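An overview of the molecular structure
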Amino acid sequence: MTQASDFESHYDLVVVGGGPAGLAAAALAARAGLSTVLFDENPGVGGQIYRAIGSTPVADRSILGEDYWAGADLAAEARASGARIMTGATVWSLDSARLVGVSVGGQARIIQAGRVIVATGSLERPFPIAGWTLPGVMSAGGAQTLLKAQGMVPAGRTVMAGGGPLLWLLAAQILRAGGRIEAILDTMPRRNWLHALPHLPDFLLSPYAAKGLTLLREVRAKVPVIRVDGLEAAGDDRLREVAFNGRRLPADLLLLHHGVVPNVNLAMAAGVAHEWNARQLCFQPVLDEDFGSSVPGIAVAGDGAGIAGGTAAAERGRIAACAAIRALRPEAFVPDLQTIRQRLQREEMGRPFLDWLNRPADSFRQPEGETIVCRCEEVTAAQICAAADLGCEGPNQMKAFLRCGMGPCQGRLCGLTVTELIAARRGLTPAEVGYYRLRPPVKPVTVRELASLPVAEAERRAVEG
Ligand SMILES: Cc1cc2nc3c(=O)[nH]c(=O)nc-3n(C[C@H](O)[C@H](O)[C@H](O)COP(=O)(O)OP(=O)(O)OC[C@H]3O[C@@H](n4cnc5c(N)ncnc54)[C@H](O)[C@@H]3O)c2cc1C
């Protein structure tokens with residue numbers, strides 16, 4: 001088993017995240033001669049889109065679709081490149097000196113990097129509705145992870161709700177795997193079309209159009225799709241029914257999805273400047289054309305840089321790797337950047353249409369009443385609004401008032417909701433309200449891991465005097 005002591009204390013390039021962005025970046029950098037290590041917290045590489053690409057029990061390729069299997073080449077390329085690929089490795093700290101805190105197998109190490117590429121990808125947007133903490137209610141991405149990694153297909157009366165490419169992709173994957181879906185509750189407001197239509201021509205020219213329309217046709221042929229403006233998961237000790245449009249549908253499993261947003265925790269904790277993206281309704285890092293951030297030597301690539309999908313993520317990883325190579329080994333060969341940028345542009349051109357069309361309504365992003373917003377600390381929307389009315393100015397003061405965002409997920413499941421609720425309550429923009437101030441460790445670390453950190457002689461003497 002890989003041990004933390006197995007790796008060097010210094011690397012030219014440290015890549016955090018083994019999804020398409022990280023894999024592509026590590027492969028390119030290692031082949032150019034940079035000493036490169038890639039850390040990913042999962043048992044295998046692949047990230048979200050290619051999860052468990054090396055070990056999935058799903059043998060029938062048609063179930064997950066050809067896009068999924070493209071991940072096998074990317075993983076093989078990274079493994080063959082000479083890069084050190086460390087899975088089961090969680091990065092919990094990164095600072096402006098590019099010191100990386102990582103844990104593997106219960107041991108921790110601090111690694112010095114020449115350059116860092118943060119490729120930590122995306123997370124599902126919070127979908128706070130009444131009853132979303134009931135057993136039997138989960139995110140669509142969670143169900144897809146179970147399908148990809150364990151071959152598990154939902155059983156019982158399954159209802160899906162929300163919108164966005166992933167919801168339809170998963171619906172098709174469940175049906176192909178022999179699963180059954182009672183209904184899809186489409187929460188996307190019709191008025192989204194007003195903003196989306198101007199971007200339709202670009203979408204139709206993008207790789208998304210044909211795939212997306214085929215997927216919609218495949219699912220709509222087998223599953224009733226119902227437009228809903230409101231939604232509630234009802235039950236006692238577990239989900240029993242889904243309530244919408246004055247109706248109640250018996251259900252054993254409710255899969256929720258309202259799109260994905262950048263996973264900002266590590267980059268923010270490293271001091272990388274972020275800004276509000278009003279089209280994608282999320283915070284994203286402020287980056288230059290090579291995905292370099294406001295912290296010298298730290299780049300952010302992939303969906304962590306703003307949502308654009310798996311293929312775009314790989315291109316972004318390559319561009320960030322080229323910048324690291326140029327900085328650390330200017331004599332080394334790098335592929336033609338112009339070509340990579342053109343490929344990236346083609347991948348990104350369909351995004352504005354998808355973002356506007358799949359924009360969740362305010363009512364779903366700003367819940368009310370006793371709906372739980374912070375699952376870790378069980379803080380409700382009513383409590384947050386009351387604190388804002390009392391004068392609580394922002395998410396960090398809200399932490400002091402209500403402890404929201406202070407649990408094991410460190411705001412991943414409530415941060416955007418808290419920001420938007422405060423903004424709405426105070427008549428400000430989310431950009432003006434801001435986000436939680438994130439600090440390391442960005443992932444839980446045990447005291448035993450911290451105690452396993454090697455102590456340099458100077459440090460030991462400094463403590464022991
Ligand atoms: C649950 C989910 C399922 C998705 N499924 C699909 C799909 O089937 N098809 C599709 O086109 N798009 C899918 N997406 C969208 C996905 O974001 C992109 O398509 C693509 O995976 C982005 O690639 P990436 O390299 O930027 O990041 P990701 O693929 O998200 O990879 C980032 C990796 O970094 C790891 N990581 C994060 N933080 C740390 C840390 N601190 N230490 C170590 N490792 C860390 C993550 O666990 C992950 O393995 C999904 C998104 C989500 C959230």
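I will try to describe carefully the structure that is included in this document. Counting restarts for each chain, with residues numbered from 1 along the sequence as it is written. The model is predicted, so local features are restricted to residues of pLDDT at least 70 and side-chain atom pairs to those at 80 or more, both for listing and for counting; the totals for chains, interfaces and linings are taken over all residues. Each side-chain value is derived from all of the structure's non-hydrogen atoms; neither hydrogens nor water enter the calculation.

**So, the overall build of the protein chain**
Filter applied, for reference: Runs of E in the DSSP output that reach at least two residues are strands. Runs of H or I that reach at least four are helices, and both are numbered from the N terminus. With C-alpha atoms as the basis for the radius of gyration, the globule rule is written as 2.2 Å multiplied by the number of residues raised to the power 0.38. Type-normalised accessible area, obtained with a 1.4 Å probe on protein chains alone, sets the label of each residue: buried when under 20%, exposed when over 50%, and partly exposed for intermediate values. Contacts: residue pairs with any heavy atoms within 4.5 Å of one another. Residue exposure ignores everything except the shown protein chains as possible cover, and the areas themselves are Shrake-Rupley values with a 1.4 Å probe. Here the positive residues are Lys and Arg and the negative ones are Asp and Glu; neither His nor the chain ends is included. By convention, charge coordinates are those of NZ in Lys, CZ in Arg, CG in Asp, or CD in Glu.
In terms of helices and strands, the protein chain carries 19 helices and 21 strands. Scaling as 2.2 N^0.38, a compact globule of 465 residues should have a C-alpha radius of gyration of about 23 Å, and the protein chain matches this with 22 Å. Projected onto the principal axes, the alpha-carbon positions of the protein chain cover approximately 70 × 50 × 40 Å. Sorting the 465 residues of the protein chain into buried and exposed places 55% on the buried side. Long-range pairs, those at least 24 residues apart, make up 68% of the contacts in the protein chain between residues at least 6 apart in sequence. By element, 53% of the accessible surface of the protein chain is carried by carbon and sulfur atoms, the whole surface being about 19,700 Å². Averaging the locations of the 47 positively and 46 negatively charged side chains of the protein chain gives two centres separated by 2 Å.

**Concerning the nonpolar core**
Which entries qualify depends on this criterion: Here the nonpolar core consists of buried residues drawn from Ala, Val, Leu, Ile, Met, Phe, Trp, Tyr and Cys, with membership extended through side-chain atoms lying within 4.5 Å.
If you look at the biggest cluster of nonpolar residues, it comprises 120 residues, and the most contacted ones within it are Val14 and Phe39. Once residues lying within four places of it in the same chain are set aside, the contact partners of valine 14 are Val37, Phe39, Val100, Ile111, Ala113, Arg115, Val116 and Ile117. Counting residues in hydrophobic clusters, the runner-up holds 23 residues, among them Leu231, Leu256, Ala361 and Ile372.

**Digging into the packing of helix H14 (residues 381–389) against helix H15 (residues 395–402)**
As a reminder, the rule being used: In this description, a line fitted to the C-alpha atoms serves as the axis of each element, helices being fitted only across the stretch in contact, and the angle between N-to-C directions of two axes falls anywhere from 0 to 180 degrees. Oblique is the label for any angle not under 35 degrees, not over 145, and not in the 65 to 115 range, which are roughly parallel, roughly antiparallel and roughly perpendicular in turn. Rotating anticlockwise by less than a right angle from the far helix to the near helix defines a left-handed crossing, while the corresponding clockwise rotation defines a right-handed one. Throughout this entry, Asp, Glu, Lys and Arg are counted as charged residues, while Ala, Val, Leu, Ile, Met, Phe, Trp, Tyr, Cys and Pro are counted as nonpolar. The remaining residues, Gly among them, count as polar.
As a packed pair, H14 and H15 sit with axes 11 Å apart at the nearest point and diverge in direction by 110°. One element, H14, and the other, H15, form an angle in the roughly perpendicular class. Read as a crossing pair, H14 and H15 show a hand that is right-handed. Facing Gln383, Ile384, Ala387 and Ala388 of H14, the residues of H15 in contact are Met398, Phe401 and Leu402. Split into classes, the residues belonging to the contact of H14 with H15 amount to 6 nonpolar, 1 polar and no charged.

**Regarding the pattern of salt bridges**
Heads up, the rule is: We count a salt bridge whenever a side-chain nitrogen from Lys or Arg sits within 4 Å of a carboxyl oxygen from Asp or Glu.
Counted by the stated rule, this structure contains 24 salt bridges. The shortest N-O distance in the salt bridge between arginine 240 and aspartate 237 comes to 2.8 Å. The residue arginine 318 makes a salt bridge to glutamate 315 at a minimum N-O spacing of 3.1 Å. Separated by 3 residues within a single helix, arginine 318 and glutamate 315 lie in helix H10 (residues 310–328), roughly one turn from each other. Residue classification places arginine 318 among the buried residues on the basis of a relative accessible area of 17%.

**Side note on the environment of serine 55**
Examined against the element boundaries, serine 55 turns out to sit in the loop between strand S2 (36–40) and helix H2 (61–64). Remark: the alpha-carbon pair of serine 55 and alanine 149, spanning 94 residues in sequence, is separated by 7.3 Å.

**Let's talk about the sheet that holds strand S10 (residues 183–186)**
Threshold: Any two strands between which DSSP finds at least two bridges are classified as paired.
Spatial ordering of the open sheet is given by S8-S15-S9-S10-S11, a layout of 5 strands whose pairing is parallel. For this open sheet the edge positions go to strand S8 (137–139) and strand S11 (225–227), each flanked by a neighbour on one side alone. The mean inter-strand angle of the sheet, taken between neighbouring strand axes irrespective of direction, is 25°. Of the strand pairs in this sheet, S10 and S11 are connected by 3 bridges, and their pairing is parallel. Its bridge partner lying in S11, leucine 185 is registered against isoleucine 226.

**A few points about the pairing of strand S13 (residues 239–244)**
As judged from the 4 bridges shared by strand S12 (residues 232–235) and S13, these two strands associate in the antiparallel manner. Bridged to alanine 233 within S13 is valine 242. In sequence, S12 turns back onto S13 through a hairpin of 3 residues. Note: S13 against strand S14 (residues 247–250), 4 bridges, orientation antiparallel. By the bridge assignment, glutamate 241 is partnered in S14 with proline 250. Where S13 hands over to S14, the hairpin turn is made up of 2 residues, of which asparagine 245 adopts a positive phi near 45°.

**Some thoughts on H14**
Given 3.6 residues per helical turn, the α-helix brings residues three or four places apart onto the same face. To keep things clear, this is the line we draw: In this context, the arc is that of the directions from the helix axis out to the C-beta atoms.
All of the buried residues in H14 are Ala381, Ile384, Cys385, Ala387 and Ala388. In a view along the axis of H14, the buried residues occupy a sector of 160°, so they form one face of it. Buried residues along H14 sit against strand S20 (372–374), strand S21 (379–380), H15 and helix H16 (415–426). Looking at the residues trailing H14, positive phi occurs at glycine 391, about 115°.

**Brief notes about the sheet that holds S12**
Read from one edge of the open sheet, 3 strands run S12-S13-S14, paired in antiparallel fashion. Only two strands of the sheet have a single partner each, and these edge strands are S12 and S14. Strand after strand, the sheet turns through a mean of 35° between neighbouring axes, direction not considered.

**Re the site of the ligand**
How we decide: Throughout this document, a residue counts as near a molecule or strand when at least one of its heavy atoms sits within 4 Å of that molecule or strand. Whenever two N or O atoms come within 3.5 Å, that pair is a polar contact, provided that in protein one can donate a hydrogen and the other can accept it, and provided that, for residues adjacent in sequence, both atoms are side-chain atoms.
Close to the ligand lie 34 residues; Asp40, Glu41, Ser122, Gln144 and Asp303 are nearest. In this structure, an oxygen atom belonging to the ligand sits 2.9 Å away from a main-chain N or O atom of alanine 21. Aspartate 40 places a side-chain nitrogen or oxygen 2.7 Å from an oxygen atom of the ligand. Against a free-state accessible area of 970 Å², the protein chains account for coverage of 91% of the ligand. When grouped by side-chain class, the residues that make up the shell around the ligand number 12 nonpolar, 16 polar and 6 charged.

**Things to note about the side chain of glutamate 449**
Summarising the element assignment, glutamate 449 is placed in helix H18 (residues 447–451). It turns out glutamate 449 is buried and unbridged, and the closest side chain with the opposite charge, arginine 448, is 6.7 Å from it. One polar contact links the side chain of glutamate 449 to the main-chain amide nitrogen of threonine 446, over a distance of 2.9 Å. Once residues lying within four places of it in the same chain are set aside, the contact partners of glutamate 449 are Ser103, Gly106, Gln107 and Ala108.

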